[in-house]
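The residues making up each chain are set out below.
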Amino acid sequence: MNQILDFEKPIIDLRDKITELKKISTESEIDLTNEVKELEKKLNILEEDVYSNLKPWNRVQMARHQQRPTTLDYISEIFTDFIEFHGDRYYGDDEAIVSGIAFYNDEPITVIGHQRGKATKENIKRNFGMPHPEGYRKAIRHMKQAEKFDRPIVCFIDTKGAYPGKQAEERGQSEAIAYNLLEMAGLEVPIVCIVIGEGGSGGALALGVGDHIHMLENSTYSVISPEGAASILWKDPALAEKAAESMKITSYDLKEFGVIDEIIPEPKGGAHRSLEEQAKNIDKVLTASLKELNQYNVTDLLENRWLKYKRIGEFSEETL
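The residue count restarts for each chain, going from 1 along the sequence in the order it is written. In view of the model being predicted, local features appear only for residues whose pLDDT reaches at least 70, and side-chain atom pairs are presented and counted only at 80 or more, with totals across whole chains, interfaces and linings using the full set of residues. Working from all heavy atoms in the structure, the side-chain values ignore hydrogens and water.

### Quick notes on the pairing of strand S3 (residues 107-114)
Phase 1 of the analysis: Type-normalised accessible area, obtained with a 1.4 Å probe on protein chains alone, sets the label of each residue: buried when under 20%, exposed when over 50%, and partly exposed for intermediate values. By definition, any uninterrupted DSSP run of H or I lasting at least four residues is a helix, any uninterrupted run of E lasting at least two residues is a strand, and each is numbered from the N terminus. The buried fraction of S3 is high, at 6 of 8 residues.
Phase 2 of the analysis: Here a strand pair is declared whenever DSSP counts at least two bridges between the two strands. As judged from the 8 bridges shared by strand S2 (residues 97-104) and S3, these two strands associate in the antiparallel manner. Looking at the pairing, Ile-101 lines up with Thr-110 of S3.
Phase 3 of the analysis: Connecting S2 to the next strand, S3, in antiparallel fashion are 2 residues, including Asn-105 with a positive phi near 50 degrees.
Phase 4 of the analysis: Inspection of the sheet shows S3 paired to strand S4 (residues 153-159) by 4 bridges, in the parallel sense. Among the inter-strand pairings, Val-111 is bridged to a residue of S4, identified as Val-154.

Below, the structure written as structure tokens:
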């Protein structure tokens, strides 16, 4: 069953009405063509109005949609001959992160990303996309392998955050994340990071130190979830919608602040409406990114990466 978001209910109701009229017209041979056309015009206007004026909380809901495409969905659409690798060579394998090599435009590339499930059974298997330390160690192992063989790296970010459980802490969760940040900052190959759903806290940032950072239009990227922020600020997670308004976590906010490079448009209604269309939109931006980054020598690549992060959050009295 498809998930219906609250703000989409008027759209769904109108679609159902159009479907019902078409069915009546077919079964009774009553010509309702004009009525259907009129309702379809209203539907187009309503969709344009709703999806063009989404509030931050609406985008949070879209980013969390059960049917939103995952890393593996995009890998199958955008890359060819993907081979997944497993394990961190320290503890074990973490299925909340997928990692491997593939071909992109006939060139070898390393692809890494958070992987959540769409149904309960798969979500349990993937730990709801929240990685353990071994997931991040697996990721950096393959990034270092990419550097050794001079392959560009593409990271898909989609997690509520790193898993906060006791066992994860015992196995060095914070150290694993910090090590990834350190190593990614100095990798001598191009890195493109794309937020495809939720980009939550250090769990997202551990795959987010790239030369270019892009976000899907209805994705989010933040240091904490709106529920977590509401719990801290107002002692009430029910105020998550209010927190989302204040946190500036949408792609448009972060583009304005210079945190991300490009906003990747989504099909009307969200990425889950058309995986094929969304993959094409990602492909277009990814091709442009790699074409630009591949022009730099290692010295310039690292210098530009350093300057990129130095500029984020830069204070100037002129902004007061």
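After that view, the rundown keeps rolling.
### Description of the layout of surface pockets
Phase 1 of the analysis: Using a 1 Å grid laid over the protein atoms alone, points where a 1.4 Å probe fits but cannot get out form a cavity; open sets with protein on both sides within 12 Å along at least 5 of 7 lines form a pocket; any residue with an atom within 4 Å of a point counts as lining. Grid points are joined across faces, edges and corners, and a volume is the space filled by probe spheres set on the points. When its volume is computed, the largest pocket comes out at roughly 320 Å³.
Phase 2 of the analysis: Tyr-221, Ser-222, Val-223, Leu-254 and Val-259 are the residues nearest the centre of the largest pocket, which is lined by 16 residues in total.
Phase 3 of the analysis: When contributions to the lining of the largest pocket are tallied by element, the ones reaching two or more residues are helix H9 (201-205), strand S7 (220-222) and helix H12 (251-257).
Phase 4 of the analysis: No other element matches the 3 residues that H9 contributes to the lining of the largest pocket.
Phase 5 of the analysis: Classification used: nonpolar for Ala, Val, Leu, Ile, Met, Phe, Trp, Tyr, Cys and Pro, charged for Asp, Glu, Lys and Arg, polar for all others including Gly. Residues of the lining of the largest pocket, tallied by class, amount to 11 nonpolar, 4 polar and 1 charged.

### With respect to the packing of aromatic side chains
Phase 1 of the analysis: Ring geometry is summarised as follows: Phe, Tyr and Trp rings, the Trp one being its six-membered ring, pair when their centres sit within 6.5 Å, and such pairs are stacked at plane angles under 30 degrees, edge-to-face over 60 and tilted between the two. Applying the stated rule across the entire model yields 3 aromatic pairs.
Phase 2 of the analysis: Ring plane angle 25 degrees and centroid distance 6.1 Å describe the contact between Tyr-74 and Phe-156, whose orientation is recorded as stacked. Of the two residues, Tyr-74 is situated in helix H4 (residues 71-78) and Phe-156 in strand S4; the sequence distance between them amounts to 82 residues. For the pair Tyr-74 and Phe-156, one class covers both residues: buried.

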